[in-house]
Amino acid sequence: MKTVIVGAGLSGLTLAERILASGSNDEVTVIEREKAPGGLARSFHVDGFDFDIGPHRFHTFNAGVDTYLQEILADHFIQISRKSSVHMAGKYRNWPLTLVSVMGLPFPVLWNSFLDLFNKPDIPDIKSFADFIRSRYGNNLYSFFFSGYTRKFTGINAEELHVDWAQAGVNRAVIDKRVKADSLLSLAKGLLLPKPVETKFYYPATGGIQTFCDLQCKRIQAAGGKLLFKRSAKDLLKENGSVSAVILENGETIPADKVYWTAPITILYPETELTFINTLTANVALSSEIPDNDYQWCYFGHEDLIFSRLTVPRNFRKDCVPSGRDSVIAEITCNSDAEMWKKPDTIKERLLRDLKSVGAIRGDDVLFVNWEKIPETYPVYTLDYKEKLASINIPEGLFLTGRSGAFWYNNMDHSIAQALSIVQGSEYKKDFWNQR
Ligand SMILES: Cc1cc2nc3c(=O)[nH]c(=O)nc-3n(C[C@H](O)[C@H](O)[C@H](O)COP(=O)(O)OP(=O)(O)OC[C@H]3O[C@@H](n4cnc5c(N)ncnc54)[C@H](O)[C@@H]3O)c2cc1C
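Here's a quick rundown of the structure.

Brief notes about empty space enclosed by the protein
Tallied over the full model, the rule gives one cavity of 30 Å³ or more. Its boundaries defined by the atoms lining it, the largest cavity holds a volume of some 50 Å³. Together, Asp50, Phe51, Asp52, Gly54, Tyr203, Thr311, Pro313, Phe316, Cys320 and Ile329 line the largest cavity. A breakdown of the residues in the lining of the largest cavity according to their chemical character gives six nonpolar, two polar and two charged.

This is the structure in structure tokens:
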């Protein structure tokens, strides 16, 4: 069998590595558009500074994924504790929220949110993200934080987003299910009866998060798999309704009996008009440490600030920056038509001003700003995205998987879990979020 895997991110590499490790006689070829592996879990090494694409750390409740992580990393990892923040009402507050940080919210927000506990809007048919948030957290927290953050992050209003975005954007990113903060009432209970949850995360002992994928690549090559970088797949060749080859942009065709497609689904099915958001990452190197940047990452909901999240690499591993230096990664989401996507330097001045306004840089300490354009970082769940996905006719021999291939908001552990279950032959589900 000729197995072709499109995409050398965590999904594609786990598939390739596991198929080869299973003793299969398949000829395995991985095709990757970029010059390096890792996909969204790629890293950039610039003048002694390691930058990931925003924050990346491994965590899983799935025993199979945990075993796999440890097998690949062997003893090449460190364990770190969570340290995330949210910047609300002009101040840094711990995330998950603590009683102290909640009490520090402006009084009208606090009081009105408290009243919302008893007076939440009754929305019988929850369709949009806005409906979901308003019914769970009330109108006040919705307008105070969620509506602006959502508009800034996705470029569209919360009313136009499918309720599934809640699982992606809230449960996963902002609200931590493990401290039972999935509604205002449970958040309040959690604050009164705090049950601290100490979660440990894995991070490679050297390099950035991409080290994991580099280790996978070594195994794939050692087992006889082929890795083709700087090759873009653009379509499939089909014979009698079955996949027979992958067609590349450069005109090559790679024969295939089976294709695992982890690149964006929209390359194969542009007619669905499904969309992704892109992320511009500004990797900012600083000449000295900013002691107040004590979080791994922090969310910024304020619409006036150009970035939606900041990440501080040294809080993942000290030597992600040269000794005495510091760095910060700003994430700015936009679409491909945006002027800033075409010419990131046009927003440099504004970026530095905004970073200074929240105390993340001093201003005179910037050594360089390295821009990375990361296309298709988040699938956008518009109200009709499910109908669009359902309209796709998948030929025999094609498997759509991974974050962009399945159009599902995977984390790294979900992409690995999907790949493991495919190789083990078990049915792979989309809803990996709730599997623990
Ligand atoms: C800012 C940010 C922060 C995140 N933080 C975390 C975190 O802390 N923890 C966590 O678990 N997860 C995190 N994630 C999610 C995690 O990065 C992804 O779930 C995971 O990397 C997805 O892997 P994948 O292989 O499924 O998809 P991808 O990484 O998207 O891989 C797809 C691959 O296909 C390639 N490709 C695209 N088009 C083509 C083409 N035409 N031909 C050939 N190749 C192509 C791409 O270059 C890419 O390498 C984060 C994501 C982002 C964007």
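Considerations on the nonpolar core
Counting 91 residues, the largest nonpolar core has Val259 and Trp261 as the members making the most contacts within it. Per element, the largest residue contribution to this core is eleven residues, and it comes from helix α5 (residues 129-154). When near neighbours in sequence (up to four residues on either side) are disregarded, Trp261 contacts Val6, Ala233, Leu236, Ile267, Leu268, Leu398, Phe399, Leu400, Thr401 and Gly405. Listed in part, the 27 residues of the second largest apolar core include Ile290, Ile306, Cys334 and Ile347.

Let's talk about the pairing of strand β2 (residues 27-31)
For a regular strand, side chains alternate in direction, first toward one face of the sheet and then toward the other. Most of β2 is tucked away, with four of its five residues classed as buried. As defined by bridge partners, strand β1 (residues 2-6) adjoins β2 across five bridges and the pair is classed as parallel. Across the sheet, the residue bridging to Thr3 is Val28, located in β2. In this region the chain leaves β1, passes through helix α1 (residues 10-21) and returns to the parallel neighbour β2; the handedness of that crossover is right-handed.

Considering the site of the ligand
Not every one of the 37 residues close to the ligand is listed here, only the nearest: Ser11, Glu32, Pro55, His56 and Asn410. Interatomic distance of 2.7 Å between a backbone N/O atom of Asn410 and an oxygen atom of the ligand. Contact distances for the ligand include 2.7 Å between an oxygen atom and a side-chain N or O atom of Ser415. Notes on the ligand: free accessible area 1,000 Å², of which the protein chains cover 95%. Those elements that provide at least two residues to the shell around the ligand are α1, β18 (366-379), α13 (402-405) and α14 (412-423).

Notes on a nonpolar patch on the surface
A grouping of Phe107, Trp111, Phe114, Leu115 and Phe118 is seen on the molecular surface, where their side chains present a nonpolar patch of about 580 Å² in accessible area. Mapped onto the fold, Phe107 is located in helix α4 (residues 107-116).

Thoughts on the packing of aromatic side chains
Applying the stated criterion across every chain yields a total of 23 aromatic pairs. Consider the rings of Tyr149 and Phe153, whose centres lie 5.8 Å apart with planes at 15 degrees: the pair is stacked. Of the two residues, Tyr149 and Phe153 are both situated in helix α5; the distance of four residues between them amounts to about one turn of the helix. Here the two residues Tyr149 and Phe153 agree in accessibility, since each one is buried.

Side note on the packing of α1 against helix α8 (residues 211-222)
Contact geometry of α1 with α8 gives a least axis separation of 9 Å together with a crossing angle of 30 degrees. Relative to α8, α1 is oriented so that their crossing is left-handed. For the pair α1 and α8, contact is made by Leu10, Leu13, Thr14, Ala16, Glu17, Arg18 and Leu20 and by Phe212, Cys213, Gln216, Cys217, Arg219 and Ile220, respectively. Looking at side-chain class alone, the contact of α1 with α8 contains eight nonpolar, two polar and three charged residues.

Focus on α1
Spanning twelve residues, α1 covers 16 Å between terminal C-alpha atoms, matching the ideal 16 Å at 1.5 Å per step. When you tally the buried positions in α1, you get eleven out of twelve residues, the bulk of the element. Along α1, the residues that are buried comprise Leu10, Ser11, Gly12, Leu13, Thr14, Leu15, Ala16, Glu17, Arg18, Ile19 and Leu20. Where α1 terminates, the next one or two residues include Gly23, which has phi positive at roughly 85 degrees.

Thoughts on the packing of helix α2 (residues 63-73) against α14
As a packed pair, α2 and α14 sit with axes 9 Å apart at the nearest point and diverge in direction by 100 degrees. Between α2 and α14, the angle falls in the class roughly perpendicular. Contacts between α2 and α14 involve Gly64, Val65, Tyr68 and Leu69 from the former and Asp413, Ile416, Ala417 and Leu420 from the latter. Looking at the contact of α2 with α14 residue by residue, the classes come out as six nonpolar, one polar and one charged.

Regarding unusual backbone geometry
In this structure, Lys230 is a non-glycine residue whose phi angle is positive, near 55 degrees. Structurally, Lys230 can be placed in the loop between β9 (226-228) and β10 (233-239). The backbone phi angle of Phe407 is positive, close to 55 degrees, even though this residue is not glycine. Looking at the secondary structure, you find Phe407 in the loop between α13 and α14. What makes Phe407 buried here is its relative accessible area of 0%.

Comments concerning the pattern of salt bridges
Following the criterion strictly, the structure yields 18 salt bridges and no others. A salt bridge links Lys386 to Asp164, with the nearest nitrogen and oxygen atoms 3.2 Å apart. Of this pair, Lys386 sits in helix α12 (residues 385-390) while Asp164 sits in helix α6 (residues 164-174), and the two are 222 residues apart along the sequence. Since its relative accessible area comes to 42%, Lys386 is described here as partly exposed. Among the ionic pairs, Glu331 bridges to Arg309, the shortest N-O distance being 2.8 Å. Of this pair, Glu331 sits in strand β17 (residues 326-334) while Arg309 is found in strand β16 (residues 309-311), placing the two residues 22 residues apart along the sequence. Like Glu331, the residue Arg309 is buried in the burial classification. Salt bridges linked by common partners bring Glu17, Arg18, Glu71 and Arg219 together as one network.

Calculation notes
Residues numbered from 1 in each chain as written. Predicted model: local features only at pLDDT ≥ 70, side-chain atom pairs only at ≥ 80, totals over all residues. Heavy atoms only, no water. 1 Å grid on protein atoms, 1.4 Å probe; cavity = no way out; pocket = protein on both sides within 12 Å on 5 of 7 lines; lining within 4 Å. Points joined across faces, edges and corners; volume = space filled by probe spheres on them. Nonpolar A, V, L, I, M, F, W, Y, C, P; charged D, E, K, R; others polar. Core = buried A, V, L, I, M, F, W, Y, C linked by side-chain atoms within 4.5 Å. Buried < 20%, exposed > 50% of the residue type's maximum accessible area, 1.4 Å probe, protein only. Helix = DSSP H or I, 4+ residues; strand = E, 2+ residues; numbered from the N terminus. Contact = heavy atoms within 4.5 Å. Pairing = 2+ DSSP bridges. Right-handed = clockwise from strand over helix to strand, strands pointing away. Near = heavy atom within 4 Å. Polar contact = N/O pair within 3.5 Å; in protein donor to acceptor, adjacent residues only side chain to side chain. Areas by Shrake-Rupley, 256 points an atom, 1.4 Å probe, with all protein chains shown as cover. Patch = residues over 30% accessible without salt bridge, like charges linked within 9 Å, V, L, I, M, F, W, Y side chains within 5 Å. Salt bridge = Lys/Arg side-chain N within 4 Å of Asp/Glu carboxyl O. Phe/Tyr/Trp six-rings, centres within 6.5 Å; stacked < 30°, edge-to-face > 60°. Axes fitted to C-alpha atoms, helices over the stretch in contact; angles between N-to-C directions. Left-handed = near helix turned anticlockwise from the far one by under 90°. Expected span 1.5 Å × (residues − 1). Parallel < 35°, antiparallel > 145°, perpendicular 65-115°, else oblique.

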